[in-house]
Amino acid sequence: MTNDDRLDETHDPALRSWVASANDPQTDFPIQNLPFGVFRRRDRDERWRGGVAIGNRIVDLHAMAASVAMEGDAAAALDRARAETLNELMALGARPLKALRLALSRLLREGSRHAADAARWLLAQDDAEYRVPARIGDYTDFYASVHHATNVGRQFRPDQPLLPNYKWVPIGYHGRASSIAVSGQRFHRPRGQIRPQGSERPFVSASRRLDYELEVGVWIGAGNACGEPIAIADAERHVFGLCLLNDWSARDVQGWEYQPLGPFLSKSFATTISPWIVTLDALAPYRGEWRRDADDPQPLPYLDDPGNRRHGAIDLQLEAWIETAAMRRSGAAPVRLSRANFGDAYWNVAQMVAHHTIGGCNLQPGDLFGSGTQSGPNDDEGGSLLELSQGGKHPLALSGGETRSFLEDGDTVILRGWCHRPGFARVGFGECRGTVLPAR
Ligand code: CA
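Residues numbered from 1 in each chain as written. Predicted model: local features only at pLDDT ≥ 70, side-chain atom pairs only at ≥ 80, totals over all residues. Heavy atoms only, no water.

Looking only at helices and strands, one finds 11 helices and 26 strands in the protein. The C-alpha radius of gyration of the protein comes to 22 Å, within 12% of the 22 Å expected for a compact globule of 440 residues. In terms of overall dimensions, the protein has a C-alpha envelope of 70 × 55 × 40 Å along the principal axes. For the protein, with 440 residues in total, the buried portion stands at 57%. (Helix = DSSP H or I, 4+ residues; strand = E, 2+ residues; numbered from the N terminus. Rg over C-alpha atoms; globule rule 2.2 N^0.38 Å. Buried < 20%, exposed > 50% of the residue type's maximum accessible area, 1.4 Å probe, protein only.)

Shown next as structure tokens:
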């Protein structure tokens, strides 16, 4: 059930844009979406600036600001959105962002007199390159899928898959921001200390069990002062939007290093995110009830709120695909590895924000959360190869006779995500793509 007071004219499924490609029912970027990113024309030594995706085009917000007059909150937001990073736009908070979204929606609609200005501030996405859209101060990775936590726990601790704190605490760890890169990232297979089964002593090796993790990224907007927790009822006002996130993981390094303080080098060598940030405003039609089974512990008061119960879930379909080097050579299509829905997460976005700040930790504009691997309840819904191949015991059949237990050099993993609900537009996230290169 949707909380209808979050809906406004920008969500009207009948809206059409004078950007023709935005009216294709299969586009990720209809006029109802309007996600933000930072781009420049490819292979030009020009400045990075904020943009908004529309169909197969980008609205250049820097150029738009020079030719379009906005007022009030929308003007303030546009002024910040044209910068080289989105941190200042994020810092403004939810209301100016909503005002800018409304102004952009009106400008881009069929019938707007601005259609004539298009050449000045539109360019093809095919001609653009992207970068991480904000300076990420801190990155935190959660563990919000109980199905993933159970599947993985079974491999590392067969006797006790789900630790007793899981259903009380939104588990997370502080990750590494420096190695987060935008879609298109190519990274070398990491080396590290491993101790395979049957080996008495650890040794240094290129990872033999390299994996992907299908996650949702959560971008923080307005921050909080140190020492002042964010109440769950206010939590979403501190969230700018969502992206796709691949938390590449070296399972053999992880298995040896993770106790007692959690993952360290097994996760810090690369993380890939999609370039476009889909705002929570754009996701309003796809919100759903958040439930906790009656047999499970109910959330402690700081993690519980009637509004969050009503619409805390986000019906976001997620998919992971693989394109191997052999597929590229033969022209074969990528193969889907798994699908999952963010609506199945055990902990939701508002709960992550409330939990992160309960002790007084200050979040800052441009901080990034990973949701943790999103796996569904069924066997083919594992959000990582560790789950899909059951720790490497049951390799997956791809196409052309290829199989995978873990990733091979040359493999490209592609994440996709979209929301759809009858009576509303389909909004998508674009792609999050990364490629494994041989170890150095
Ligand atoms: Ca993760």
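To continue, consider the sheet that holds strand β5 (residues 128-131). Reading across the sheet, the 5 strands line up as β4-β3-β2-β1-β5 and stay open at both edges, with antiparallel pairing between neighbours. Each having just a single partner strand, β4 (122-124) and β5 make up the two edges of the open sheet. Here the strands of the sheet are splayed against their neighbours by 50° on average, with no regard to which way each runs. Alignment of strand β1 (residues 36-41) against β5, held across 4 bridges, turns out to be antiparallel. Bridge pairing links Phe-39 to Tyr-130 in β5. (Pairing = 2+ DSSP bridges. Axes fitted to C-alpha atoms, helices over the stretch in contact; angles between N-to-C directions.)

This next bit is on the nonpolar core. With 62 residues, the main nonpolar core has Tyr-212, Leu-242, Leu-283, Leu-337, Phe-342 and Leu-407 as its most contacted residues. Counting residues per element, this core draws most heavily on helix α10 (residues 349-357), at 5 residues. Look past the residues within four positions of Leu-407 in its chain and what remains in contact with it is Arg-189, Leu-210, Asp-211, Tyr-212, Trp-248, Ile-322, Leu-385, Val-413 and Val-436. Val-52, Val-59, Leu-100 and Leu-368 belong to the second-largest nonpolar core, a separate cluster that totals 45 residues. (Core = buried A, V, L, I, M, F, W, Y, C linked by side-chain atoms within 4.5 Å. Contact = heavy atoms within 4.5 Å.)

The coordination sphere of the calcium ion, as far as protein atoms go, consists of Asp-141 (OD), Glu-213 (OE), Glu-215 (OE) and Asp-247 (OD), spread over 2.2 to 2.3 Å. One chain supplies every donor for the calcium ion, spaced along it as D-x71-E-x1-E-x31-D. Of the two residues, Glu-213 sits in the loop between β12 (210-211) and β13 (214-220) while Asp-247 sits in the loop between β14 (239-246) and β15 (249-250), which places them 34 residues apart along the sequence. Across the pair, Asp-247 and Glu-213 agree in class, each one buried. (Donors = N, O, S within 2.8 Å, 3.2 Å for Na, K, Ca; no water.)

A few words on the packing of helix α2 (residues 72-81) against helix α4 (residues 94-108). Here α2 crosses α4 at 90°, and the two axes come no closer than 8 Å. By the criterion of interaxial angle, the relationship of α2 to α4 is roughly perpendicular. The residues of α4 that touch α2, namely those facing Asp-73, Ala-74, Ala-77, Leu-78 and Ala-81, are Arg-95, Pro-96, Ala-99, Leu-100 and Ala-103. Taken together, the residues of the contact of α2 with α4 sort by class into 8 nonpolar, no polar and 2 charged. (Parallel < 35°, antiparallel > 145°, perpendicular 65-115°, else oblique. Nonpolar A, V, L, I, M, F, W, Y, C, P; charged D, E, K, R; others polar.)

Applying the stated criterion across every chain yields a total of 10 aromatic pairs. By way of ring pairs, the aromatic residues Tyr-143, Tyr-166, Tyr-346 and Trp-347 are connected into one cluster. Over the aromatic face of Tyr-346 sits the side chain of Arg-292, whose NZ or CZ is 3.5 Å from the ring centroid. It is Arg-416 that lies over the ring of Trp-321; its NZ or CZ is 4.9 Å from the centre. (Phe/Tyr/Trp six-rings, centres within 6.5 Å; stacked < 30°, edge-to-face > 60°. Lys NZ or Arg CZ within 6 Å of the ring centre and 35° of its normal.)

Restricting attention to buried positions, one finds in helix α6 (residues 146-156) the residues Val-146, His-148, Ala-149, Thr-150, Val-152 and Gly-153. Buried positions along α6 lie against α11 (385-388).

Now for the pairing of strand β21 (residues 335-341). Of all the 7 residues making up β21, 5 are buried; the element is thus mostly covered by neighbouring parts of the structure. Across 6 bridges, strand β20 (residues 317-323) lies against β21 in antiparallel orientation. The partner of Trp-321 across the bridge, within β21, is Arg-336.

Turning our eyes to something else, we now look at the sheet that holds strand β26 (residues 427-437). If you walk across this open sheet you meet the 5 strands as β9-β26-β25-β20-β21, and the pairing is mixed. Among the strands making up the open sheet, the edge pair consists of β9 (185-188) and β21. On average, each strand axis in the sheet is inclined to that of its neighbour by 20°, with strand direction left out of account. Where β9 and β26 come together, 4 bridges link them in parallel fashion. When the sheet's bridge partners are listed, Gln-185 is paired in β26 with Gly-434.

With that out of the way, let us pick up the pairing of β1. Most of β1 is tucked away: 5 of the 6 residues are buried. Summarising the sheet, β1 and strand β2 (residues 49-54) pair through 4 bridges and their orientation is antiparallel. Of the residues in β2, the one forming a bridge with Phe-39 is Arg-49.

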